[in-house]
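Given next are the chains, with one letter for each unit.
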Amino acid sequence: MEMPVPDPRVLSRKARVVSRLLEVLPADAVIHDERETRAYECDALTAYKCPPMVAVLPASTQEVSDVLKICHAEGVPVVPRGSGTSLAGGALPTADSVILGVARMNDVIETDYDNRLIRVQTGRTNLSVTGAVEEDGFFYAPDPSSQLACAIAGNIAMNSGGAHCLKYGVTTNNLMGVKMVMMDGEVVEIGGGHLDAGGLDLLGLICGSEGQLGVVTEATLRILPKPEGARPVLMGFDDNEVAGACVSDIIKAGVLPVAIEFMDRPCIEATEAFAQAGYPMCEALLIVEVEGSDAEIDHQLGLIKQIARRHNPVELRESTSDEESARIWLGRKSAFGAMGQINDYMCLDGTIPVSSLPMVLRRIGEMSAQYGLKVGNVFHAGDGNMHPLILFDANKPGDLELCEAFGADILRLCVEAGGCLTGEHGVGIEKRDLMDVQYAPADLEAQMAVKDVFDPGWLLNPAKVFPLGVSEGRRRAA
Amino acid sequence: MAREKHTPSSEAEVRELIADADAPLSVQGGGTRGFAGAGEVLSVSGLSGVTLYEPGALTMVARAGTPISEIEGALGQNNQRLAFEPMDHRTLLGVQGDPTIGGVFGANVSGPRRIAVGAARDFLLGVRFVDGSGAVVKNGGRVMKNVTGYDLVKLMAGSFGTLGVMTEVSFKVLPQPETQTTLVLHGLDIGAGVAAMSQALGTPFEVTGAAHDPNGAGDGARTMLRLEGFEGSVGYRCGALRDRLAHGADISVLEGEESETAWRKVRDVEMLAETQGDVWRISCKPSDAPHLIARTGSDQLQLDWGGGLIWMQVPEGHDLRADLGDFDGHATLVRADAKTKTELAVFQPEAAGVARLTAGLRSRFDPRGILNAGLMEPIG
């Protein structure tokens, strides 16, 4: 992965930058020893590593503002970091950068049940947002798989999704307001307890901008009353295509499940070996979950089973207890871990129109044979968000590169099928150089114009999202 | 005086028109919503037609000028709908014309169901637009989850034609529910009405509409709570919700079509149609609504979105923002004569930092300032 050459002027000023940072932050919040900065050398995309020049851990919006003012004045690139769980390299440092971690900012500022919102500092983890309100019967809906660890800051940066977004939407649909620090240290507030923008929808623009427009320190999030209950049904099919048709028929019938998860044979086999969830051995497995009271769930699952039967399932198993529900979800939730047991893997998240599912799966199978690399597919079928897991051996020379080439081909296929490169993980560095597969120069130019307005010096989260060649002129001019 | 009107029939013609323009263009869909900038009219009504509809994927793609009636007709045949329930402004504004899908998204028009399913902007998946310099730009796509690059889709939703002229939109649709029922609580004052709506929206019973009419067409105050879904489920939730509400009010029930009609009236703010005076739309934190209303002294009003959306009528030329003062939200002037709109500004002035970003974006997307010039800009 090509990264910009570190700016020697910045590197030569390290001592000065550190001493200025120490003027505004306590000593333990400024990490500059080379042994310690190594802790920030990568995020969950561990194939790429680069320790930052400095890492800082501010504890308030004011401190974030002070840090950014210094970096702005000194011309130092800043890489914002939530919990470092990005699968796309969204928080990969450059050698001349300051990592700005929000981990020390994790307070709940306000819970407001009358208006169904919670205001938190953005270092708070996704799951602990729900944790703050669940005793009162509420929850925060977006549920990325990393929700135990990932921070709201990163969720906002990547517009994170999750298994239940078919019904509840992704982060941008649940974000009501932010307090954000601009690269020059100015603090702006956008949105709040009200429901729509009074002017241009800057909130929607900020969400998913991968930390390149500002550092969000506080967020107002929509919370929802917990449903009375939820129950999954598991169904197995002999054929991917049939499973795809079943998904489409369920949606067309007017039932709106909260989740429709799909696993293919390689994935089923791996998870069975790993988690023994009791899955049937078949070509395609669907987990469909609905919510409501017991009677409502019965009714919806009744309709869903009726539709499934028309597609001759090899297995149709409705949960009758919490234990059974947990068992049905067990395999799905341990799918990544299971694949990781077999080998190193790369997880993609290209998204496709549901209708092209069978074609895309068939092509992925063909490519898998060509590349000689195994791939398992597990994904959110209701919204077409795929998660092909390509297995490779990191110790085998050339295997990572082969795997990346295969991954890039899968993503090109997703775009060709009418979909996109990434549904919920973000572009980061991982998909940066594929952006021109999906977007024409004018499309990228319009996005970069936004960056120009928010961060004219192009200092925030450098070398992410845009192909280096495309952004070079701007980065040099800045 | 009738203004010159351009009705291009292709994206290429839109691009040409904008690239060649040497004066402001007033960007419109059907021109039924009362938001217009200066200059000759550029209507997208010539770009019409659904280009792709996949009911099994809950997605539709249409040219920006496609009439809403055509979209709803196509969706209806598959028992689907625009779930964000876009308002039809024609009744309130007393205007003619054919509302378009581009206008709906350009103005981010959402109705009562916004409180449950999200706004127009939440359903918009992809756009094609021509920016103010004549460049054709696409963003997003036709899949429900897409975080590839910056989300210009959200930026375009509710940009009122000031950043570019949308030529094609793709959006998510949802199934029509089997039935609907509305609980009507009678005689609550505004504070109690908002409290009852908050309470209802805080239950797991999936209330998809929560509105309060303090006058109830002379019939006393009415607080309405809508439930939708499969018949058995609606019946169950209706009973459960009644049991949960602690308000002491009399309750009546509207079923099926009666319920639909009541919500159409709320959606289109019919109670303020054919009245004199200006109409404002206030977006606020629901629990702030009672004291905000008290600051204005107006009693010609309707609350939607559980109190988060107030429609209010005031005497012509009255500066409602001066009454409201500082609050968490904003007030938009929807119905007034041109002079008042110019004097008071249609949109709420933004805080300095935000205003700078907005102005920066506008100068990048429309460097010559020709698209709906003046509409979203601060006065002076």
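About the thresholds
Residues numbered from 1 in each chain as written. Chains lettered and ligands numbered in written order. Predicted model: local features only at pLDDT ≥ 70, side-chain atom pairs only at ≥ 80, totals over all residues. Heavy atoms only, no water. UniProt positions renumbered as here; feature names shortened; annotations may be inferred. Salt bridge = Lys/Arg side-chain N within 4 Å of Asp/Glu carboxyl O. Helix = DSSP H or I, 4+ residues; strand = E, 2+ residues; numbered from the N terminus. Buried < 20%, exposed > 50% of the residue type's maximum accessible area, 1.4 Å probe, protein only. Pairing = 2+ DSSP bridges. Axes fitted to C-alpha atoms, helices over the stretch in contact; angles between N-to-C directions. Contact = heavy atoms within 4.5 Å. Patch = residues over 30% accessible without salt bridge, like charges linked within 9 Å, V, L, I, M, F, W, Y side chains within 5 Å. Areas by Shrake-Rupley, 256 points an atom, 1.4 Å probe, with all protein chains shown as cover. Lys, Arg positive; Asp, Glu negative; His and termini not counted. Charge placed at Lys NZ, Arg CZ, Asp CG, Glu CD.

Chain B carries the name FAD-binding protein in an unreviewed UniProt entry, which gives Sulfitobacter aestuariivivens as its organism.

For chain A, an unreviewed UniProt entry supplies the name FAD-binding protein and the organism Sulfitobacter aestuariivivens. Quoted straight from UniProt, the Cofactor (unreviewed entry) entry for chain A says "FAD".

Asker: Is there a simple way to explain the pattern of salt bridges in this structure?
Answerer: Residues and elements named next belong to chain A. In total, this model carries 51 salt bridges over all chains according to the counting rule given. When the shortest N-O distance is used, the salt bridge between D298 and R231 registers 3.0 Å. Here D298, found in helix α11 (residues 294-309), pairs with R231, found in strand β12 (residues 230-237); they are 67 residues apart in sequence, far enough to count as distant. The exposure class assigned to D298 is partly exposed, which follows from its relative accessible area of 42%. The shortest N-O distance in the salt bridge between E445 and R474 comes to 2.8 Å. Of this pair, E445 sits in helix α17 (residues 441-454) while R474 sits in helix α18 (residues 468-477); the two residues are 29 residues apart in sequence, bridging distant segments of the chain. Classification of E445 as partly exposed rests on a relative accessible area of 36%.

Asker: Hey, could you run me through the sheet that holds strand β4 (residues 50-54) of chain B in this one?
Answerer: Think of a sheet as strands paired side by side through backbone hydrogen bonds, with each pair either parallel or antiparallel. Residue and element names in this part refer to chain B. Read across the sheet, five strands follow the order β4-β5-β9-β7-β8 without closing on themselves; strand pairing throughout is antiparallel. Strands at the two margins of the open sheet, each flanked by one partner only, are β4 and β8 (136-140). When strand polarity is set aside, the average angle formed by the axes of neighbouring strands in this sheet is 10°. Pairing between strand β7 (residues 124-131) and β8: five bridges, direction antiparallel. Its bridge partner being in β8, V127 is matched across the sheet by N139. Where helix α1 (residues 11-20) meets the sheet, it contacts β7, β8 and β9 (164-172), and its direction lies at approximately 45° from that of β7.

Asker: Just to check I follow, could you spell out a negative patch on the surface for this structure?
Answerer: Residues and elements named next belong to chain B. On the surface, a cluster of negative charge is contributed by E4, E13, E16, D20, D22 and E40. Examining the composition of the negative patch, we find that three residues originate from one element, α1, more than from any other. You can see D20 is positioned in helix α1. A relative accessible area of 59% places D20 in the exposed class.

Asker: What am I meant to see in the environment of A149 of chain A here?
Answerer: All names here are of chain A. Summarising the element assignment, A149 is placed in the loop between β7 (138-139) and α6 (152-158). Put simply, A149 and V187 are 38 residues apart on the chain and 27 Å apart in space, counted from C-alpha to C-alpha. With residues near it in sequence (within four places) discarded, A149 still touches S83, T85 and T125.

Asker: Would you mind going over the UniProt feature "domain: FAD-binding PCMH-type" (unreviewed entry) in chain A with me for this structure?
Answerer: The sites that UniProt annotates as "domain: FAD-binding PCMH-type" (unreviewed entry) are residues 48-226 of chain A. A distance of 40 Å separates the end C-alpha atoms of residues 48-226 of chain A, which is 21% helix and 25% strand.

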